[in-house]
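# Structural overview
Single-letter residue listing:
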Amino acid sequence: MKAVIKLGGFAFSFEENHPLVEEYVKLFKELLGQYHFVVVTGGGPIARYYIKAAREMGVPESLCDHLGILTSRLNARLLVDGLGEYAFPEVPTTIDELKHYFASGKIVAMGGLTPGHSTNAVAAIAAETIQADLFINATDVDGVYTADPSKDPKAKKLDEVTIDRLAQILSKGEITAGAYDLMDPLALRIIARSEIPTIILNGRTPDNLLKALRNESTGTRVVHG
Ligand code: UTP
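What comes next is a walk through the structure. (Residues numbered from 1 in each chain as written. Predicted model: local features only at pLDDT ≥ 70, side-chain atom pairs only at ≥ 80, totals over all residues. Heavy atoms only, no water.)

### Examining the sheet that holds strand β7 (residues 220–223)
The strand order across the open sheet built from seven strands is β3-β2-β1-β4-β6-β7-β5, with neighbouring strands paired in mixed fashion. Looking at the sheet topology across the chains shown, the edges are occupied by β3 (108–110) and β5 (160–162). Between one strand axis and the next, the sheet turns through 20° on average, direction left out of account. (Pairing = 2+ DSSP bridges. Helix = DSSP H or I, 4+ residues; strand = E, 2+ residues; numbered from the N terminus. Axes fitted to C-alpha atoms, helices over the stretch in contact; angles between N-to-C directions.)

Here it is in structure tokens:
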């Protein structure tokens, strides 16, 4: 089974006592062999520090995005180093490189590619490129809600969502550096055009990832057609 796992920037928050990335390194080592997969790492708080500093100096938005890309690649590099021989030793910066590195059979970790979208779009592109059986978006929320749960107490978590409904729920999301939503418009379009089986789940509990891989219920499943 081929999979793409988007590991949100929350896993690289070093302000927390025990950065989750350590737990994920252990889990990914166990999974290799049963699954062949790519991990796309978010930029997280470090990306946002850089983007904020740059924006305050009047740096153009595309260059703020670029700082986000570089920090997401730094997080991918940390994963590569933590995984040692389980990972391909380079972080791909193009889909050509991704294809070549993935053919090694090792875990490939990568960050951003180009300005104007999020690492969720990169993960969708990676899933399309390797023809993944599953795209898991490990975020820091339980899944997709009918509305923003921090603003609407009546918001309900959905177990399944159609791609059109998801696009509608996320239509008010921001598209500025460091503030792309749960899924940005490019990610949604790629998932839709290739009908990529996708699950959005809470990655703060790494066990949820195992559940998704074993086809057990967790998070929100995106349905097509
Ligand atoms: P992320 O998409 O990871 O943002 O990349 P994030 O806010 O940390 O999201 P989560 O928590 O992982 O879900 C950080 C920033 O890098 C730029 C964007 O500005 C993004 O907000 N970026 C990333 C790009 O411009 N292009 C890319 O391909 C990837």
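### Here we look at helix α2 (residues 44–56)
Within an α-helix, residues lying three or four positions from one another point in the same direction, as the helix has 3.6 residues per turn. With 13 residues, α2 should cover 18 Å at 1.5 Å per step; its first-to-last C-alpha distance of 19 Å lies within 8% of that length. Three or more residues of α2 are buried, namely G44, P45, A47, I51 and A54. On the buried face of α2, the contacting elements are α3 (61–83). A positive phi of about 80° marks G58, the residue just after α2. (Expected span 1.5 Å × (residues − 1). Buried < 20%, exposed > 50% of the residue type's maximum accessible area, 1.4 Å probe, protein only. Contact = heavy atoms within 4.5 Å.)

### Regarding helix α4 (residues 95–102)
Residues of α4 that are buried: L98, Y101 and F102. Projected down its long axis, α4 carries its buried residues within an arc of 95°, all on one side. (Arc of directions from axis to C-beta.)

### Examining the site of the ligand
Among the 23 residues in the neighbourhood of the ligand, the closest are listed as G44, R48, D65, T114 and G178. Within the side chain of K6, an N or O atom sits 3.0 Å from an oxygen atom of the ligand. With the chains in place, 91% of the 570 Å² that the ligand exposes on its own is no longer accessible. Every element with two or more residues in the shell around the ligand is listed here: α2, α3 and α5 (119–129). Among the elements that take part in the shell around the ligand, α3 stands out by supplying three residues, more than any other. (Near = heavy atom within 4 Å. Polar contact = N/O pair within 3.5 Å; in protein donor to acceptor, adjacent residues only side chain to side chain. Areas by Shrake-Rupley, 256 points an atom, 1.4 Å probe, with all protein chains shown as cover.)

### Quick look at the pattern of salt bridges
Under the definition given, this model contains six salt bridges. Two residues, E61 and R55, come together in a salt bridge whose shortest N-O distance is 2.7 Å. Accessibility expressed as a relative area gives 37% for R55, which makes it partly exposed. (Salt bridge = Lys/Arg side-chain N within 4 Å of Asp/Glu carboxyl O.)

### Re the packing of α4 against α5
The axes of two packed helices give the description: the angle between them and the distance between them. Relative to each other, α4 and α5 sit at 55°, their axes nearing to 10 Å. With respect to their mutual orientation, α4 and α5 come out oblique. Remark: the crossing between α4 and α5 carries right-handed chirality. Counted together, I95, L98 and K99 of α4 and I125, A126 and T129 of α5 form the full contact between these two elements. Of the residues contributing to the contact of α4 with α5, the split by class is four nonpolar, one polar and one charged. (Parallel < 35°, antiparallel > 145°, perpendicular 65-115°, else oblique. Left-handed = near helix turned anticlockwise from the far one by under 90°. Nonpolar A, V, L, I, M, F, W, Y, C, P; charged D, E, K, R; others polar.)

### Focus: the packing of α5 against helix α7 (residues 185–193)
Axis separation between α5 and α7 bottoms out at 8 Å; the angle between their running directions is 20°. Considered as vectors, α5 and α7 are oriented roughly parallel to each other. Considering how the two elements wind past one another, α5 and α7 form a crossing that is left-handed. In contact with N120, A121, A124, I125 and E128 of α5, α7 contributes L186, A187, I190, I191 and R193. Broken down by class, the residue content of the contact of α5 with α7 amounts to seven nonpolar, one polar and two charged.

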